[in-house]
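The primary structure of each chain is shown beneath.
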Amino acid sequence: MTALPHSTTGSHGESGWAVPDHLLSVAEYAALGEPDSGFTELVEGRLVMSPSPKRRHNKALYALARQLESQLPDHLEFVQDIDVDLGLVPPGEPGFARRPDLIIALREAGERIDEDDTMYHADDVVVVVEIVSPGSKRTDYVTKHGEYADAGIPHYWIVDLSEPVSLVACHQAGELGYQDAPAMTGEFAAAEPFPVKLELDRLLT
């Protein structure tokens with residue numbers, strides 16, 4: 001991920017997409033749209049650019065979503081690659097918005113977002129999932145780990161595609177933030193926030 005510099009006058013990349021000249025609130029970020037390639041996130045008001053995911057990453061994400069689909073209770077749904085307002089600062093201040101690989105969110109929240117054309121909020125999200133890429137390991141294991149915990153998202157799953165494929169399940173533990181379970185390989189099974197079993201080795205087959 002690369003933080004985009006803020007100029008005093010604003011600038012445009014090769015695609016014509018404008019780089020803002022000031023720190024952004026979440027509302028300003030939402031109004032900005034996306035560049036022609038890759039995607040952006042918002043960290044303390046600064047745009048952070050990431051390249052488009054690789055084939056291996058996308059294949060694993062699709063396989064994970066397929067396994068989840070039949071196991072979700074009726075009040076939950078999964079959504080891939082969508083912005084979430086972490087709500088870490090008051091509205092109007094330089095904000096935080098992340099674009100997880102996948103979220104498991106309240107179905108009623110999705111209906112509201114469709115009607116109002118708004119962004120997911122952290123309290124709409126039950127599980128946030130990141131698939132670790134070669135350049136995102138520290139961001140996923142450390143930076144986002146802290147941000148998602150501070151945002152109050154109950155569960156965070158970190159899927160690492162390094163052989164053997166593993167999943168670290170993190171859950172809220174009060175003032176301590178997230179408590180991390182040992183990395184699981186082979187099969188991941190959990191009772192919370194809903195009964196689920198994932199065959200991790202099938203994410204790359």
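Residues numbered from 1 in each chain as written. Predicted model: local features only at pLDDT ≥ 70, side-chain atom pairs only at ≥ 80, totals over all residues. Heavy atoms only, no water.

The protein chain has the name Putative restriction endonuclease domain-containing protein in an unreviewed UniProt entry, where Amycolatopsis lurida NRRL 2430 is given as its organism.

Topic: the pairing of strand β4 (residues 39-43)
In terms of residue burial, β4 counts as a mostly covered element, since 5 of its 5 residues are buried. Of the two faces of β4, both are covered, the one formed by Phe39, Glu41 and Val43 as well as the one formed by Thr40 and Leu42. Bridge count between β4 and strand β5 (residues 46-50): 5 bridges; the pairing is antiparallel. Bridging from a neighbouring strand, Phe39 pairs with Ser50 of β5. As consecutive antiparallel partners, β4 and β5 are separated by 2 residues, and within that stretch Glu44 has a phi angle of approximately 50 degrees, a positive value. (Buried < 20%, exposed > 50% of the residue type's maximum accessible area, 1.4 Å probe, protein only. Helix = DSSP H or I, 4+ residues; strand = E, 2+ residues; numbered from the N terminus. Pairing = 2+ DSSP bridges.)

Description of the confidence of the model for the protein chain
Low pLDDT marks regions whose predicted coordinates should not be analysed in detail. For the protein chain, the mean per-residue pLDDT works out to 90, and 90% of the residues sit at or above 70. Contacts of residues 5-16 to residues separated by more than four positions or lying in other chains number 20 contacts, the stretch itself having pLDDT below 50. (pLDDT = per-residue confidence, 0-100. Contact = heavy atoms within 4.5 Å.)

Side note on the pattern of salt bridges
In this structure the tally under the stated criterion is 11 salt bridges. Arg99 is the partner of Asp81 in a salt bridge, and the nearest nitrogen-oxygen pair spans 2.8 Å. Taken as a pair, Asp81 in the loop between β6 (76-80) and β7 (84-85) and Arg99 in the loop between β8 (97-98) and β9 (102-106) lie far apart in primary sequence, 18 residues in all. Exposure remark for Asp81: the relative accessible area of 41% places this residue in the partly exposed category. Note that Arg112 is salt-bridged to Asp124, the shortest N-O span being 2.9 Å. Here the residue Arg112 occupies a position in helix α3 (residues 107-116), and Asp124 occupies one in the loop between β10 (120-121) and β11 (125-132), the gap between them amounting to 12 residues. (Salt bridge = Lys/Arg side-chain N within 4 Å of Asp/Glu carboxyl O.)

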